[in-house]
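Structure assessment
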Amino acid sequence: MSLEIFNAIGVSTDLIVVVLIILVLIQFAGMFVLLHRYTILNQRLSKFTTGKDAKNLEQVIVKRFSEIRQVVKNEKKQNKEIEMINEKFLTTFCKIGLVKYDAFKEMSGKLSFSLALLTENHDGIIITSMHSSEGCYTYCKEITNEESYYILSNEERLALNVAMGKEGAKEAAKERENQKPEISQ
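Residue positions are given per chain, counted from 1 along the sequence in the order it is written. Per-residue local features of the predicted model are confined to residues with pLDDT of at least 70, and side-chain atom pairs are confined, for both listing and counting, to 80 or more; whole-chain, interface and lining totals are unaffected and use all residues. The side-chain figures draw on all heavy atoms in the structure; neither hydrogens nor water molecules are used.

The next thing to look at is the overall build of the chain. A run of H or I in DSSP counts as a helix once it spans at least four residues, and a run of E counts as a strand once it spans at least two, with each numbered from the N terminus. Secondary structure assignment for the chain yields five helices and five strands. Start at the N end of the chain and walk to the C end: the helices and strands fall as α-α-α-β-β-β-β-β-α-α. Per-residue burial over the chain gives 17% buried out of 185 residues. In the chain, once contacts between residues fewer than 6 apart in sequence are set aside, the share between residues at least 24 apart is 40%. Element-wise, carbon and sulfur atoms account for 60% of the exposed surface of the chain, whose accessible area totals about 14,900 Å². Classification of residues uses two cut-offs on accessible area relative to the type maximum, computed with a 1.4 Å probe and protein chains only: under 20% is buried, over 50% is exposed, and between them is partly exposed. Residues are treated as being in contact if the distance between any of their heavy atoms lies within 4.5 Å. Here the accessible surface of atoms and residues is derived via Shrake-Rupley with a 1.4 Å probe, and residues count as covered only by protein chains that are part of the display.

Next comes the structure, spelled out in structure tokens:
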């Protein structure tokens, strides 16, 4: 009776047997792939639990979680320290500008200088030392928010601009340092 159904449809029984054999082979291949994956996972699990019973495994997990809590605690401590360093950084000299020059015509060798020391907020000091044959004179001027209460010389203004990183200031300072002194006859 079942053969009559296949004959009515026009399908050969040999074709049906071949298709069923191919499906069985595909199922066997799928089963072998799953068996291989199971074996790999079982090996990984046995490596993880080798020599440990459930109680020891629980102790290992608790220990790892306590280590994680300690890492988080250390991170919070380090973040506080970084914030403290950043606050101190705002009040330390981190921007420096130096201009060397000859303050007096009779002296050469660029022994005079203006040194600008600024904080991140452009507050700080400018130290100027002028060297002459009679001695060395040193001055200090306070800088608040890029400006001074005292009149700044060209060299002091240039040192301030170098410290603030203004465009062209470093090149101008280098050019001033490289100028040859004028020799009067």
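Additional details are given in the paragraphs that follow.
We count a salt bridge whenever a side-chain nitrogen from Lys or Arg sits within 4 Å of a carboxyl oxygen from Asp or Glu. Under the definition given, this model contains three salt bridges. Close ionic contact of Glu67 with Arg64 constitutes a salt bridge, the shortest N to O distance being 3.2 Å. Of this pair, Glu67 and Arg64 both sit in helix α3 (residues 54-89), separated by three residues, roughly a single helical turn. Glu156 is the salt-bridge partner of Lys141, the closest N and O atoms lying 2.9 Å from each other. With Lys141 in strand β4 (residues 135-144) and Glu156 in helix α4 (residues 154-164), the pair connects residues that are 15 residues apart, well separated along the chain. Both residues of the pair, Lys141 and Glu156, belong to the buried class.

Attention now goes to the pairing of strand β2 (residues 112-118). By the criterion of burial, β2 is predominantly enclosed, with five of the seven residues buried. Strands are treated as partners if at least two bridges between them are detected by DSSP. As defined by bridge partners, strand β1 (residues 95-101) adjoins β2 across seven bridges and the pair is classed as antiparallel. Its bridge partner being in β2, Leu98 is matched across the sheet by Leu115. Pairing of β2 with strand β3 (residues 124-132) involves six bridges; the strand directions are antiparallel. In the sheet register, Ala116 faces β3, and the bridge partner there is Ile126. The antiparallel pairing of β2 with β3 creates a hairpin that spans five residues between the two strands, and His122 there sits at a positive phi of about 65°.

On to the environment of Phe93. Here Phe93 shows up in the loop between α3 and β1. Judged by its relative accessible area of 45%, Phe93 falls in the partly exposed class. Separated by 24 residues in the primary sequence, Phe93 and Leu117 place their C-alpha atoms 5.7 Å from one another.

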